[in-house]
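Here's the letter readout for the chains.
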Amino acid sequence: MNNKKFLVTGAGGGIGSAIVRKIAQNIESGVILLHYNNNIKNVQKLKKEIETDLVKVDFFQANLERKEECQKLCDTVLSKYGAVDVLVNNAGFVEDKEISERTYEDFEKTVKINLIANFYLSKVLGLKMFEQKFGKIVNISSTSGLILHSGSMCPTSIDYDATKAGINALTKNFAIEFAPYVNVNAVAPGWVDTPMNYELPDYVRKEESEKILKNRWAKPEEIADLVWFLISDKADFINGSIYEIDGGKK
């Protein structure tokens, strides 16, 4: 996977930054492109941390809720680098709120960021991969898109769950669309110990941990390990698959 161009969206977040570091650890040369919306300090820190003479790091800002910024991100990346070899659709949004309090605008925002942006980036950048007859796309889904967590004390996340189920469908459809040259797979984590979840009450963390066979939440680095495997040459015959990584369910 040397001399490849990698784009990771949401690179400033907990899982995103772990994926970026994992890529950097496993290549000797190439270009790693970091997308962010608000976390510019995090991506600047990542660039300083991982850039070498042979590994170039660049970053791009875009609010993926907006159509024009999705377009601008793709246009900028393609005009500057021609194409990417690997796309990791990691950027996501969640807002815990009961269904009775959730508005049309709330639902729409989550769908735009989590699902429509994923579709658009995969379509535009994936078509370039198809033209060059090589590419890997990994989508970050969630176990919430596969099952509903009944009995949880967390507020419902009906919009988040729906978008993650949609990502699973996108994964399988794009795998068919871009065959045989582009591998499209998804990783579906359960609970992950990231800043997105730090504000959850301790009793929620305890309750959810007790439902997991490993009795703990995943580390971001463990998600990154699976993403790297799917990116790597060792996963060339894996396509259209969705991998749960949740520590096992009780």
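One structure accompanies this document, and this report is about it. All values reported here derive from a predicted model rather than from experimental measurement.

Mapping V55 onto the fold places it in strand β3 (residues 55–61). Residues V55 and S17, 38 residues apart in the sequence, show an inter-C-alpha distance of 16 Å. Those residues in contact with V55, other than ones at most four positions away along the chain, are I27, E28, S29, G30, I32 and I50.

Strands sit in the order β3-β2-β1-β4-β5-β6-β7 across an open sheet of seven strands; the sheet is parallel. Where the open sheet ends on each side, the last strands, each with one partner, are β3 and β7 (242–245). Each strand of the sheet is rotated relative to its neighbour by a mean of 15°, with strand direction disregarded. With four bridges joining them, strand β6 (residues 182–189) and β7 adopt parallel strand pairing. Paired with P189 across the bridge in β7 is I245. Strand contacts of helix α2 (residues 40–50): β2 (30–36) and β3, with the helix running at about 175° to β3, the strand carrying the most contacts.

Turning our attention to unusual backbone geometry. Residue P180 is bonded to the preceding A179 through a cis peptide linkage, with omega at 5°. Along the polypeptide, P180 turns up in the loop between α5 (158–177) and β6. Positive phi outside glycine occurs at K133, with the angle close to 65°. Mapped onto the secondary structure, K133 falls in the loop between α4 (104–132) and β5 (135–140). You can call K133 exposed: its relative accessible area is 53%. Phi at N215 takes a positive value of approximately 60°, unusual for a residue other than glycine. Mapped onto the fold, N215 is located in the loop between α6 (202–209) and α7 (220–231).

Overall, the coordinates contain one cavity of 30 Å³ or more when judged by the stated rule. In this structure, the largest cavity occupies an estimated 70 Å³ of space. Among the secondary structure elements, those contributing two or more residues to the lining of the largest cavity are α4 and α5.

Calculation rules
Residues numbered from 1 in each chain as written. Predicted model: local features only at pLDDT ≥ 70, side-chain atom pairs only at ≥ 80, totals over all residues. Heavy atoms only, no water. Helix = DSSP H or I, 4+ residues; strand = E, 2+ residues; numbered from the N terminus. Contact = heavy atoms within 4.5 Å. Pairing = 2+ DSSP bridges. Axes fitted to C-alpha atoms, helices over the stretch in contact; angles between N-to-C directions. Buried < 20%, exposed > 50% of the residue type's maximum accessible area, 1.4 Å probe, protein only. 1 Å grid on protein atoms, 1.4 Å probe; cavity = no way out; pocket = protein on both sides within 12 Å on 5 of 7 lines; lining within 4 Å. Points joined across faces, edges and corners; volume = space filled by probe spheres on them.

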